[in-house]
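# Close look at the chain arrangement
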Amino acid sequence: MPTDIAGNIAKVLHRIGAAAERYGRDANGVTLLAVSKMQSPAAVRLAAEAGVLHIGENYLQEALDKMTALADLPLCWHFIGPIQSNKTRLIAENFAWVHSVDRLKIAERLAAQRPAELPPLNICLQVNIDAEATKSGVRPAELPALARAVGHLPRLHLRGLMAIPQPSSDFTSQRHACGRLRALCDVLRDELALDTLSMGMSTDLEAAVAEGATLVRIGSDIFGARVPRAI
Ligand SMILES: *Cc1c(COP(=O)(O)O)cnc(C)c1O
């Protein structure tokens, strides 16, 4: 049976609504980003028809191919994957948001390469919230300096923070991780006019909403399990 994408989106929106109500938040303050890595353009089209226009992609070439196939739709594209220096130009030219900035050099390239005729590129700084050696993201101790520097770059609009916490099936530890990102954001929020907390995936959506997520990034609970691409 094919994946019921519209039905899955309805379920995810229901979860967001229930969590918002439970934790005293307005569900309208939580944007649903559909993460479509390894999914077909047809699947993204079904998500758009179900009303989800914010689309997250991890791999540049795959994203560009989908943008071409879906150029008739009013989609808002978010880049959420690791960024190599030689990919910044095409990211700056084709996306509305980038969630995975964790080095000043990458931010400087995006600023220099953002076309003047486009609105400023929305930026979230990715934070290595669990201080995992192998994971990308700025260390919490280095975040304030990076945030101030990025906040001064032209052609970029620093919006907030993003994290991919260590997977855990325990709600309390999920909340702790999301709470750490929220606390880091709170420190910088007024000074840098931050309004975005990008956290919450399929398995920790409720914990993220409880801790103030304004944007949740949901892949498998919308599109089904990802089928690895043939090599
Ligand atoms: C894949 C991915 C997601 C979505 O993960 P699911 O567990 O499938 O919901 C969210 N954020 C990032 C950065 C991802 O790479």
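Residues numbered from 1 in each chain as written. Predicted model: local features only at pLDDT ≥ 70, side-chain atom pairs only at ≥ 80, totals over all residues. Heavy atoms only, no water.

### A few points about the side chain of lysine 66
As for its placement among the helices and strands, lysine 66 is situated in helix H3 (residues 60-69). A distance of 2.8 Å separates the side chain of lysine 66 from the side chain of glutamate 62, its partner in a polar contact. Setting aside residues up to four positions removed in sequence, lysine 66 forms contacts with Ser36, Lys37, Met38, Gln39, Pro41, Val44, Glu57 and Trp77. (Helix = DSSP H or I, 4+ residues; strand = E, 2+ residues; numbered from the N terminus. Polar contact = N/O pair within 3.5 Å; in protein donor to acceptor, adjacent residues only side chain to side chain. Contact = heavy atoms within 4.5 Å.)

### Some remarks on the pattern of salt bridges
The final tally for this structure, using the stated rule, is 13 salt bridges. Ionic pairing is found between arginine 89 and glutamate 93, a salt bridge with its closest N-O pair at 4.0 Å. On the criterion of helical spacing, the pair formed by arginine 89 and glutamate 93 is a turn pair, its members being four residues apart in helix H4 (residues 88-94). For arginine 89, a relative accessible area of 45% puts it in the partly exposed group. (Salt bridge = Lys/Arg side-chain N within 4 Å of Asp/Glu carboxyl O. Buried < 20%, exposed > 50% of the residue type's maximum accessible area, 1.4 Å probe, protein only.)

### Some details on the packing of aromatic side chains
What the rule picks out here adds up to one aromatic pair. Taking 5.3 Å as the distance between ring centres and 80° as the angle between the ring planes, the aromatic pair formed by phenylalanine 79 and phenylalanine 95 counts as edge-to-face. Of this pair, phenylalanine 79 sits in strand S3 (residues 76-79) while phenylalanine 95 sits in the loop between H4 and strand S4 (97-101), and the two are 16 residues apart along the sequence. Residue phenylalanine 79 shares its accessibility class with phenylalanine 95, and that shared class is buried. (Phe/Tyr/Trp six-rings, centres within 6.5 Å; stacked < 30°, edge-to-face > 60°.)

Any link to function would need more than the numbers given here.
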